[in-house]
Structure formats: C-alpha cells, structure tokens
Amino acid sequence: MSIKPDMSKNYNINDIDDSEGSDEMDYDFDHTISYVDEKSPILGSQQQQQRNRKEKTSIPINDPSSSSGSSDEDTRKKQQYYQQKIALEQMKKNQFDWALFKRFCGIIKILFISPLIPVILVAFLFGVATSQTYVSKFTGILLSNVYMSFTTGDKSLFVSSLIKGFIFIGISAFMDALIKFVVSVMAWRWRKTLCLTLQDLYFTKNLYYKIIAFDDRIDNPDQRLTSDIDNFTTTLASVLSQCITGPMVVIYYTYLTWTTISWYAPLIVYGYFFLGYFANKLVMSPMVSINFLQDKLEGDFRYLHQRIRNFAESIALHNLSKDKQDGIELKDSPSSSNRPKKAKLHNYRYISDSQDSNLVEEEQAKKQFENLLNNKKRVIFWQFGLNTTSDLFTYLSPLINYMIIALPVFFLHTKAALLPSDVTVQSFNCIMLASGFSQYINVSTSISDLSGYISRIATMIDVCQMVANEQSFETKVEKESNINSNNNNHSKSTDIGTPSEKSNSSIVLNQGDFINLDDISYFTPRKHPLLSNITLTIKKGENLLIMGPSGSGKSSLIRVINGLWPFFHGSISKPQNDYLFFLPQQPYLIFGSLEEQVLYPYSKKTHRISRPDLRLLFSRLDLGYLLDREKAIRKGNSINDLTHNWLNSLSPGEQQLISIIRLFYHKPKFALMDESTSSIPQPLEERVYAIAKELGITVISVGHRVSLLNHHDKLLRFDKEKNWYLEQIKKDK
Ligand SMILES: Nc1ncnc2c1ncn2[C@@H]1O[C@H](COP(=O)(O)OP(=O)(O)OP(=O)(O)O)[C@@H](O)[C@H]1O
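Residues numbered from 1 in each chain as written. Predicted model: local features only at pLDDT ≥ 70, side-chain atom pairs only at ≥ 80, totals over all residues. Heavy atoms only, no water.

Stated formally: UniProt positions are given in the numbering used here, feature names are shortened, and annotations may be inferred rather than shown by experiment.
If you check an unreviewed UniProt entry, the protein chain appears there as ABC transporter D family protein from Polysphondylium violaceum. What UniProt records for the protein chain under Sequence similarities (unreviewed entry) is the sentence "Belongs to the ABC transporter superfamily. ABCD family. Peroxisomal fatty acyl CoA transporter (TC 3.A.1.203) subfamily."

Pasting the structure below:
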C-alpha cells in the first residue's frame, strides 16, 4: 500500500491502494539519526536541508564518540565516555570550597525565608545548650567531692554529693533529650520549607517538564526532592546543634581551664584542635565528590528498578520470546554443551553461573549495582580514613589533658604536687574543653555528607532557576485584543506584525474560532530542524489529520501549537488554552477515582460530575462496566481511595477511552489528539469522531491509520525529506 499525493491535486481517500489489507500507511520509516551542530540554522529550502544533512553527519575526530561503526560496543563506549565526562565535571564542581559555602548560604536563605520559628528554635537550642554547659560544671565539682569523701572518710560529704549528683546529672540528661527533640523539630520544619519551595519552583512554568525534556543537568530530580532534602535537613540540624553546644562548652571551659590551671592550658588544647581540624579537612575534601557520586549512583539504581516495576509486563513479555529463542538455539546447537558459561562472558562478577539467560534489565541492574558498590567501597575507605583521624584526636585528648596538668609539676617546676581533688577538677575541665572541640571534629564527618547534599540540592535550585529564566524556553504569548489596541494607539509603523517581528516566535491568542500557523519552522530542543515554513489555517468544524513517518515531527508540531515547545520561528494564532485540549500518545491516568480521571486537570475540589452524567459519559463508549467495577471495589472496601491500583490493570484501549471521555467532558473548541485512538477498534473510533462532531469539537489528529482519513477534512502530510503537503480529503459518500 502506498500513497503518492500530488500537491496540485485534491486528495481522495479512494485513491489509496488498500489491497494488502493493512490498516497502516506504508511510509518509509528510514529515519536517519544525525549529530547536529548546535548552531545549525533552520534551512528553508530542500537543497539547503540536504547540504545541512551532509554536514551534520561529520563527527569530530578527537572525540571518542566519533569511532566509526555503530556496534553495541561503540555505543557502550560512547555512553561510558559521556557518563564519565559528566560525572568528572560534576565532581570537579563539588569540592569542599568557597563556592560550595556560597551555595550552602543560598540554601540557608531559603530555610530562613520565614525566619520567626527557625530563629526561635535556634535561640531555644542556644538557651538549653548554655544551661546544660553550666549544669555540667557541677558534675566536675561533684566528682571531686566524691573523690575527696573517699580519701577523708567523710560520709555526709559523700551522701550530699550523691543527692546533688542525681539532681544535676538528671537535669543534664533531660536537657540532652530536649536538644535532640528541638533538633528533630528543626529538621522537620526545614524539610517542609525547602521541599515546598523547591516544589513551587519545580511546578512553575512547566519546569518539571522542561528540566526533563530540554535539560540534562539534573539526574534523578525525584531523589533530590525526596531523600536528599530529608537527609540534608536532618544532618544540618544535628550539625547545627553540635555547632551551638560546641562554642558554649569551648568558651566556658576556656575560662575554667585558664582559672584552674593557667593561660597555656586552653592554648595547648586549641593548638591540638587545629591540628585535628586540618588533618580532617585533608581527608574530607575528596569525600565530597565521592559522596556526591554515590548519591547519583543510588538514584540511578533506584530509577532503573522503578522502570522495571513500571514496565514489568512488557519486560516479561519480551523475555518470554527471548527464553524461547534461547531454548531453540541451545537445542539445535550441537556445541551448546561446550558453550562457555555466561559468567565468563561478562567482566563483572554478579552473574550466577547457573543462569543460562539473563534479562537485559537484570544485567543492567547488576552492572549499575556493581558501579554503586565500587564507589561505596571508596566511600568506606575514605570514611575509614576520616574516622581514624577524628577518633585518634578524640581518644588521644585525655593524654594531652594529663600532660597539661603535669606541666607545672614535672616540667615547669612551679608546683611541688597537686591535691587529688584538684587533679579531678582540672582534668574534668580540660576534658570538657577538648570535648567541645572534638564536637567540631566529629562535625566534619557530617559536613562531608552534608556537602554532597548541598551540591545536589543547590544544583537543582540553580538549574530550575536558570531554566525558568531561560528566554529561549519562553514563547511570547499575546492576546489579540492587546495587539489591536496597540495598533489603534500607535501609528501604522508599529513593530507588531513587521517582518522582523514575524521572524521571531510568537503566539497570539485570538477571539476567533481558528488556529493559524504563519510560516512556522520548528526544531527539537537540541536544535535539530524538523519542518520549515508551514502556513495553514484550521477553521472551526474542519478536522485536520497529520500523517508522516515516525520521528518526522508530527507530535512536535502539536507540542508547538499548544505552547509546550518554544522551539519554533513564525507566529501562531489560536484560541486561548481553555479552548484547546490535548490527548497525548500515552494516556495519562492519575491516582484517583473514575470521576477524578474525567475531571482531570480539574479536581473534585472545584468540579463534580453527577453519577447519572458520569454513567452517560461512560456508556457512550461502552465503558459502563468500569463504573460497576469501581462500585464493587468500593463496596468490598478493599481499596485505598487515593491509590486506585486497579486502574493500572486497564487495557491500553480502556485507558485511551477514559482519556477520550475526559475530552468529551471538557468539550473544548479544539482537540489535539496524538495517536489517541490507536488502541481502540475502528467502529469505536468512528463513534469517537462522531461524538466529537456532535459536541462541536474540532479535531487535529496525529495518526497512521488510513481509517482516520474518513473523519478529517484536511491532511497535513510530512515526508522523510522534511517536506510538507496540505491536501483536501475528498470523502465519497
Ligand atoms: N525532548 C526531546 N529532545 C530532543 N529531541 C526530541 C525530543 N522530543 C522529540 N525529539 C525528536 O524530535 C523528532 C520528532 O519527534 P516527534 O515526537 O515529533 O515524532 P513523530 O513524528 O510524532 O513520531 P511518531 O510517529 O513516532 O510519534 C524525533 O527525531 C525525536 O527523536
């Protein structure tokens, strides 16, 4: 079956040779994938496009991706090269340095965006930490008294010290629990603030779509929004509490060691701390990038398993046939018993010897898991180094304390001897001062984790802001009434509508019942030119069908018309978006009841459909049984109202029909249907178009089925040379 339409002729559906009985148009699907120069212009003429195509196929020689041939090995190497390049660039950016500190300050600004409660919490923490530090002083004195009561045999001193001990140590323990409680509340609040702020950003101006479709700088945005923010705020709150209690202890015990020993005592402890700090920093710096990479690998690993969950059935079906093929091959091959075991064919170790055939997904998951484990090994080794230095400094600090106390007796000879109770108080004070500092050293371990989260969260904020402010991702949208009033207010030489203006992209929201494309040339987000200079008008009541080879740009034109893709030149005049409704290729069902499916993108909060109306909508497409099924499930009380998992088991056709019911409920002036009847039988497809007509919906369809021609008035046809043809469809009664 083939169609060779002539632009000069009207197109007649009876001209189609359907002798092969196929329902699909026979296009040449040979679509070449080329490497495009980012700056390649959109070329209008065919010759220019051909020249451009030739140029596009040249690949830089020094780039590993340029290796000739297109074997799997090459593709794998290319992917590896780019992954490593990106990971290295990211790692370079995530050093523990001033830039990271500035990014941290950016996040802090968000955390304190409504400062009252966080400031109260921090002040409260400060108050509790101060009181706890003060109360801890009595522990030292009590210890000294207990020690003295043993040496002097003073029972009353022992009893009174014990009673005071219970009170003060009890208070201290309670304050410790209070600090932990405040830290948890603070982490909870910060998570709320940061996550909501980021979500606001993520959902503004379709950013969630743009950063996934147009920008590849953010891997796993879901992980950043969920676990990274949670881990970051929890770690930050605990680091903050340590940073607050630390100085309290340091300041107070600096004073006590100075007064009970001498000026050099705090000085030596300070020197010891700085030595520890620099040793830790040395180990910490590389850990930032290693932790960053670990988070990325964890996210990728989870994402792969998520995909396996989402596509479980497709994977299982594909692999049923694969198992069969493997079976035949094994049976037919005389040398099958001599085949090397699978494990030997792979470089990595996690493939079981007993398995003859592994799923591609299994291999990928295992490969990714191996990468993750390899990096985790690095994390563990560097963590070991960090723990060794920080623990060494913590554990050695009592010895330093005793050396400080021993200085006047054994080295300076300023004192002959010390009383045991004095030694107890002095060593307690030194230990407390050192513990104040060792809190900082311990903080450094948490800071290395924190830095990874800072990088990931700050990158997400930066990229979201950059994409939000990116002018090339924005299309100028104006109301026709505004343009007219501007035209009236200005002289005829006003800018609007001048050729220079027309060469840019603009969308005008008209009051009329038509969609007009004026000299539209559009391209992919990577600037790969698609179709050029399309000019056409779609009037109300005049259905348009778009056909063409796969990847030729049919869906992209729909994206351009509804304003999702700003990658075009020329101007579009269309009714405002409330009058347009888009049905994507992949039907989208939300978590919710059938009524909520139909209401979407509205919700039950603002809209409701009465039971009889809902039944009528479903019955028109023979789907009344789904409402009965839902009713039975509700009665059985076996379903969580929010997660209607049973919807996942609907057939693709049922899913398409539900989105078509959604379209009928919303009754827009224009419907943009992207292959949205491809899974339903032809008689039902006829009914869908008949109902749309009855409801006054003008349809712009994308599709491959010849039967669609029956329901449309005009055909916009693309060919593989990037030419377009607009033809009138003649319908013979
Ligand atoms: N987000 C994107 N980034 C880069 N290229 C894209 C993106 N989306 C689509 N493309 C490319 O744009 C070209 C046109 O895609 P489009 O989805 O419009 O094809 P189509 O004609 O609708 O194909 P099909 O009939 O298979 O649905 C394809 O080569 C596709 O790979």
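### As for the overall build of the protein chain
So the rule is basically this: Put simply, DSSP marks the helices as runs of H or I at least four residues long and the strands as runs of E at least two long, and each gets a number from the N terminus on. Buried means the residue's accessible area, taken with a 1.4 Å probe over protein chains only, is under 20% of the maximum for its type, while exposed means over 50%, and partly exposed covers the values in between. By definition, residues are in contact when any of their heavy atoms lie within 4.5 Å. The Shrake-Rupley method, run with a 1.4 Å probe, gives the accessible areas here. Residue values count only the displayed protein chains as cover.
Helix and strand counts for the protein chain stand at 20 helices and 12 strands. Counting all 733 residues of the protein chain, 44% fall into the buried class. Intrachain contacts of the protein chain at a sequence separation of at least 6 include 75% that bridge at least 24 residues. Counting only carbon and sulfur atoms, one obtains 58% of the accessible surface of the protein chain, whose full area is about 39800 Å².

### Quick look at helix 15 (residues 554-561)
Most of helix 15 is tucked away, with 7 of its 8 residues classed as buried. Taken together, the buried positions of helix 15 are Lys554, Ser555, Ser556, Leu557, Ile558, Val560 and Ile561. Gly563 sits one or two residues past helix 15 and shows a positive phi near 90 degrees.

### Details of the packing of aromatic side chains
Short version of the rule: By convention, a stacked pair of Phe, Tyr or Trp rings (six-membered ring in the case of Trp) has centres within 6.5 Å and planes under 30 degrees apart, an edge-to-face pair has planes over 60 apart, and any other such pair is tilted.
Evaluation of the coordinates by the stated rule reveals 20 aromatic pairs. An angle of 55 degrees between the planes, with centres 6.2 Å apart, marks the rings of Tyr134 and Tyr252 as tilted. Residue Tyr134 is located in helix 4 (residues 116-152), and its partner Tyr252 is located in helix 7 (residues 221-260); the two are separated by 118 residues in the primary sequence. Ring centres of Phe150 and Phe158 lie 5.6 Å apart, and the angle between their planes is 40 degrees; this geometry places the pair in the tilted category.

### Focus on the side chain of Arg705
So the rule is basically this: A 3.5 Å cut-off defines polar contacts: any pair of N or O atoms within that distance qualifies, except that in protein one atom must be a possible hydrogen donor and the other a possible acceptor, and neighbouring residues in sequence count only when both atoms are side-chain atoms.
As for its position among the elements, Arg705 is in the loop between strand 10 (698-702) and strand 11 (714-718). On the accessibility criterion, Arg705 (15% relative accessible area) is buried. One polar contact links Arg705 to Glu685, side chain to side chain, over a distance of 2.9 Å.

### Topic: a nonpolar patch on the surface
What counts is decided by this rule: Each patch is built from residues that are more than 30% exposed by relative accessible area and take part in no salt bridge. Like charges join if they lie within 9 Å; nonpolar side chains (Val, Leu, Ile, Met, Phe, Trp, Tyr) join within 5 Å. The salt bridge definition used is simple: a Lys or Arg side-chain nitrogen within 4 Å of an Asp or Glu carboxyl oxygen.
Taken together, Val159, Ile163, Ile167 and Ile171 make up a surface patch of nonpolar side chains, about 320 Å² in accessible area. Within the fold, Ile167 resides in helix 5 (residues 155-203).

### Examining the nonpolar core
Rule in force here: Only buried residues count toward a nonpolar core, which is a set of Ala, Val, Leu, Ile, Met, Phe, Trp, Tyr and Cys residues joined through side-chain atoms within 4.5 Å.
In this structure, Ile107, Phe232, Leu517, Tyr522, Ile534, Ile546 and Leu557 are the most contacted members of the largest nonpolar core, which totals 74 residues. Contacts of Ile546, omitting those with residues within four sequence positions, involve Lys554, Leu557, Ile558, Ile700, Ser701, Val702, Gly703, Leu716 and Phe718. The next biggest cluster of nonpolar side chains, apart from the first, holds 39 residues, and it includes Leu589, Val598, Leu647 and Leu657.

### Considering the site of the ligand
Going by this rule: Any residue with a non-hydrogen atom lying within 4 Å of a molecule or strand is treated as near it.
Residues in contact with the ligand amount to 18 residues; listed here are only the nearest, Gly551, Lys554, Ser555, Ser556 and Gln585. Within the backbone of Ala213, an N or O atom sits 3.2 Å from a nitrogen atom of the ligand. The separation between an oxygen atom of the ligand and a polar main-chain atom of Gly553 is 2.9 Å. Counting residues per element, the shell around the ligand draws most heavily on helix 15, which supplies 4 residues.

### Remarks on helix 4
As a reminder of what qualifies: What a helix is expected to span follows from its residue count: subtract one and scale by 1.5 Å.
Over its 37 residues, helix 4 runs 54 Å from end to end, which matches the ideal 54 Å to within 8%, given 1.5 Å per residue. Residue Gly153 follows helix 4 closely and has a positive phi angle near 70 degrees.

### So, the pattern of salt bridges
Under the defined criterion, the tally for this structure stands at 15 salt bridges. Of the charged contacts, one joins Arg103 and Asp462 as a salt bridge, the two residues approaching to 3.1 Å between their closest N and O atoms. In this pair, Arg103 is assigned in helix 3 (residues 98-111) and Asp462 in helix 12 (residues 420-469), connecting sequence segments 359 residues apart. Using a relative accessible area of 21% as the deciding quantity, one classes Arg103 as partly exposed. Residue Arg717 is joined to Glu727 by a salt bridge in which the shortest nitrogen-to-oxygen separation is 3.8 Å. Residue Arg717 is located in strand 11, and its partner Glu727 is located in strand 12 (residues 724-730); the two are separated by 10 residues in the primary sequence.

### A few points about the sheet that holds strand 3 (residues 505-510)
In a beta sheet, neighbouring strands are held together by backbone hydrogen bonds and run either parallel or antiparallel to one another. As a reminder, the rule being used: A strand pair is defined by DSSP finding two or more bridges across the two strands. Fitting a line to C-alpha atoms yields each axis, with helices limited to the stretch in contact; the angle taken between N-to-C directions then spans 0 to 180 degrees.
Strand order in the open sheet made by the 5 strands is 2-3-7-4-5, with mixed pairing throughout. For this open sheet the edge positions go to strand 2 (476-479) and strand 5 (534-539), each flanked by a neighbour on one side alone. Each neighbouring strand pair of the sheet contributes to a mean axis angle of 15 degrees, computed without reference to strand direction. Here 5 bridges tie strand 4 (residues 514-522) to strand 7 (residues 568-575), and the two strands are oriented antiparallel to one another. Its bridge partner lying in strand 7, Tyr522 is registered against Phe568. Contacts from helix 15 reach strand 3, strand 4, strand 5 and strand 7 within the one sheet, and its direction differs from that of strand 4 by about 120 degrees.

### Some remarks on the packing of helix 4 against helix 7
The criterion, for reference: Should the near helix be turned anticlockwise from the far one by less than a right angle, the crossing is termed left-handed; should it be turned clockwise, right-handed. Charged means Asp, Glu, Lys or Arg here, nonpolar means Ala, Val, Leu, Ile, Met, Phe, Trp, Tyr, Cys or Pro, and polar covers whatever is left, Gly included.
Helix 7 packs onto helix 4 with a crossing angle of 35 degrees between their chain directions and a minimal axis gap of 9 Å. Crossing angle aside, the handedness with which helix 4 passes helix 7 is right-handed. Only Leu240, Ser241, Ile244, Thr245, Met248, Val249, Tyr252, Tyr253 and Leu256 of helix 7 make contact with helix 4, whose side of the interface consists of Val122, Leu125, Phe126, Ala129, Thr130, Thr133, Tyr134, Ser136 and Lys137. Looking at side-chain class alone, the contact of helix 4 with helix 7 contains 12 nonpolar, 5 polar and 1 charged residues.

### A closer look at the pairing of strand 5
A one-sided burial pattern is seen for strand 5, the buried positions being Ile534, Leu536 and Ile538 and the unburied ones Thr535, Thr537 and Lys539. Bridge analysis of strand 4 against strand 5 gives 5 bridges, and the strand direction is antiparallel. Looking at strand 5, one finds that Ile515 is bridged to Ile538.

### Looking at the environment of Trp258
Topologically, Trp258 is positioned in helix 7. When the C-alpha atoms of Trp258 and Gln426 are compared, they prove to be 9.9 Å apart, with 168 residues separating the residues in sequence. Those residues in contact with Trp258 that sit more than four places away from it in its chain are Trp263 and Pro266.

### Comments concerning the pairing of strand 10
In plain terms, the rule: Handedness of a crossover: with both strands directed away from the viewer, a clockwise path from the first strand across the helix to the second marks it as right-handed.
Of all the 5 residues making up strand 10, 5 are buried; the element is thus mostly covered by neighbouring parts of the structure. Burial along strand 10 is two-sided: the face carrying Thr698, Ile700 and Val702 and the face carrying Val699 and Ser701 are both buried. In this structure, strand 9 (residues 670-674) lies alongside strand 10, joined through 5 bridges in parallel fashion. Along strand 10, the bridge assignment pairs Asp674 with Val702. Taken together, strand 9, helix 20 (residues 682-694) and strand 10 form a β-α-β motif whose crossover is right-handed.

### A word on unusual backbone geometry
Here the residue pair Tyr600 and Pro601 is connected by a cis peptide bond, since its omega of 10 degrees sits within 30 degrees of zero. One can find Pro601 in the loop between helix 16 (594-599) and helix 17 (611-620). For Asp519, which is not a glycine, the phi torsion comes out positive at approximately 55 degrees. Its location among the elements puts Asp519 in strand 4. In this structure Asp519 comes out as partly exposed when scored by relative accessible area, which is 37%. Despite not being glycine, Lys722 has its phi angle at roughly 65 degrees, a positive value. Relative to the helices and strands, Lys722 resides in the loop between strand 11 and strand 12.

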